[in-house]
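Survey of secondary and tertiary structure
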Amino acid sequence: MTVNVTDFAPNESAAQEISLHNAATVDIAEIALGLTSTNFDPADPDDSDLRNVLLLTIVPGGTASAGDCTGGSNITTAIDTAVGNGDSTLTMMEFTGDTYDSLPTPLPAGGFDDKVCIRVTMDPTASDVYQGDSANASFVFTAHQDSSQ
Ligand SMILES: [Ca+2]
Ligand SMILES: [Ca+2]
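Note on numbering: residues in each chain are counted from 1, in written sequence order. Chain labels run from A onward and ligand labels from 1 onward, assigned in the order the entries are written. Per-residue local features are limited, in this predicted model, to residues with pLDDT of at least 70; the limit for side-chain atom pairs, both in listing and counting, is 80 or more; totals at the level of whole chains, interfaces and linings are taken over all residues.

**Quick notes on the overall build of the protein chain**
Condition: Think of it this way: any DSSP run of H or I at least four residues long counts as a helix, any run of E at least two long counts as a strand, and we number them from the N terminus. To get the radius of gyration, use the C-alpha atoms; to get the globule rule, take the number of residues to the power 0.38 and multiply by 2.2 Å. With C-beta atoms placed from the backbone, the exposure class of a residue follows from how many other C-beta atoms lie within 10 Å of its own: 20 or more, buried; 12 or fewer, exposed; in between, partly exposed. Residues are defined as contacting one another if the C-beta atoms placed from their backbone atoms lie within 7 Å.
Along the backbone of the protein chain there are two helices and 10 strands. Counting from the amino terminus, the protein chain carries its helices and strands in the arrangement β-β-β-β-β-β-α-β-α-β-β-β. Whereas a compact globule of 149 residues would reach a radius of gyration of roughly 15 Å, the protein chain reaches 16 Å, a difference of no more than 12%. C-alpha atoms of the protein chain, sized along the principal axes, occupy 55 × 30 × 25 Å. Counting across all 149 residues of the protein chain, residues that qualify as buried make up 29%. Long-range contacts, defined here as pairs at least 24 residues apart, represent 77% of the contacts in the protein chain between residues at least 6 apart.

**Details of the sheet that holds strand E4 (residues 54-60)**
The cut-off we apply is this: Only when DSSP finds a minimum of two bridges between them are two strands counted as paired. Between N-to-C directions, angles cover 0 to 180 degrees, with each direction set by a line fitted to C-alpha atoms, over the stretch in contact for helices.
As summarised here, the arrangement of the four strands in space is E2-E9-E4-E7, forming an open sheet in which the pairing is antiparallel. The open sheet is flanked by strand E2 (13-22) and strand E7 (90-91), the only strands paired with a single partner. Bridging between E4 and strand E9 (residues 112-122) involves seven bridges; their strand directions are antiparallel. If you follow Leu54 over to E9, its bridge partner there is Met122. Packed on one face of the sheet, helix H1 (residues 76-83) meets E4 and E7 and runs near 120 degrees to E4.

**Overview of the nonpolar core**
In a soluble, globular protein the nonpolar side chains are often hidden away together inside. Which entries qualify depends on this criterion: Throughout this description, the term nonpolar core refers to a group of buried Ala, Val, Leu, Ile, Met, Phe, Trp, Tyr and Cys residues whose C-beta atoms join them within 7 Å.
Among the nonpolar cores identified, the biggest contains 31 residues, and Val5, Leu54, Leu56, Ile58 and Ile118 are the most heavily contacted of them. The set of elements that each furnish at least two residues to this core consists of strand E1 (2-6), strand E3 (30-40), E4, helix H2 (92-95), strand E8 (99-103), E9 and strand E10 (134-144). Discounting residues that sit within four places of it in the chain, Leu56 has contacts with Thr76, Leu90, Met92, Phe95, Ile118 and Val120.

**Points about the sheet that holds E8**
Sheet architecture is open: four strands sit in the order E1-E10-E3-E8, paired in antiparallel fashion. Where the open sheet ends on each side, the last strands, each with one partner, are E1 and E8. This sheet shows a mean twist of 20 degrees between the axes of neighbouring strands, independent of strand direction. Two elements, E1 and E10, share five bridges in a ladder whose sense is antiparallel. Note on E10: the bridge partner recorded for Val5 is Ala135.

**So, unusual backbone geometry**
The step from Asp101 to Ser102 runs through a cis peptide bond, and the omega angle for that step is 10 degrees. Position of Ser102 among the secondary structure elements: in strand E8. Even without being glycine, Asp47 reaches a positive phi, approximately 60 degrees. You will see that Ala66, though not glycine, has its phi angle at about 50 degrees, which is positive. Within the secondary structure, Ala66 is located in the loop between strand E5 (63-65) and strand E6 (68-70). Among the residues examined, Ala66 registers 7 C-beta atoms within 10 Å and is labelled exposed.

**Here's the deal with the pairing of E10**
Judged from the 11 bridges that link them, E3 and E10 form a sheet pairing that is antiparallel. When the bridges of E10 are listed, Leu33 appears paired with Phe141.

Following this line, the structure appears as structure tokens:
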């Protein structure tokens, strides 16, 4: 699942739902969520990295609607505590290269479905060194058959 962020303005946001489906005959006890990403600073490069001002919101069970995630259970603070600096906001940079183990999402065998809503918001206080910059983020879901993994 890939999210591309291009031509964002401060305070702009986008949200996407990722569907999870277990068609196998083995129960999935938990799902780890990892992130890799790249930054592009193409025009008049000034070493800005857009990922420092992209704030992530991760909501298992949430629904994407008008750039926001509604419903579900927001686990952004828990992820920031695990992989970030514990200030309760989660930048794309903080999560990049890490894996959060794990989402509170058991997925029984036999065709059960679940989903995760991911919202990206550009920090409203971001300066204009980020104009023209873009970022690519790839979220990686890893199923574990038992919770000790
Ligand atoms: Ca943080
Ligand atoms: Ca720049």
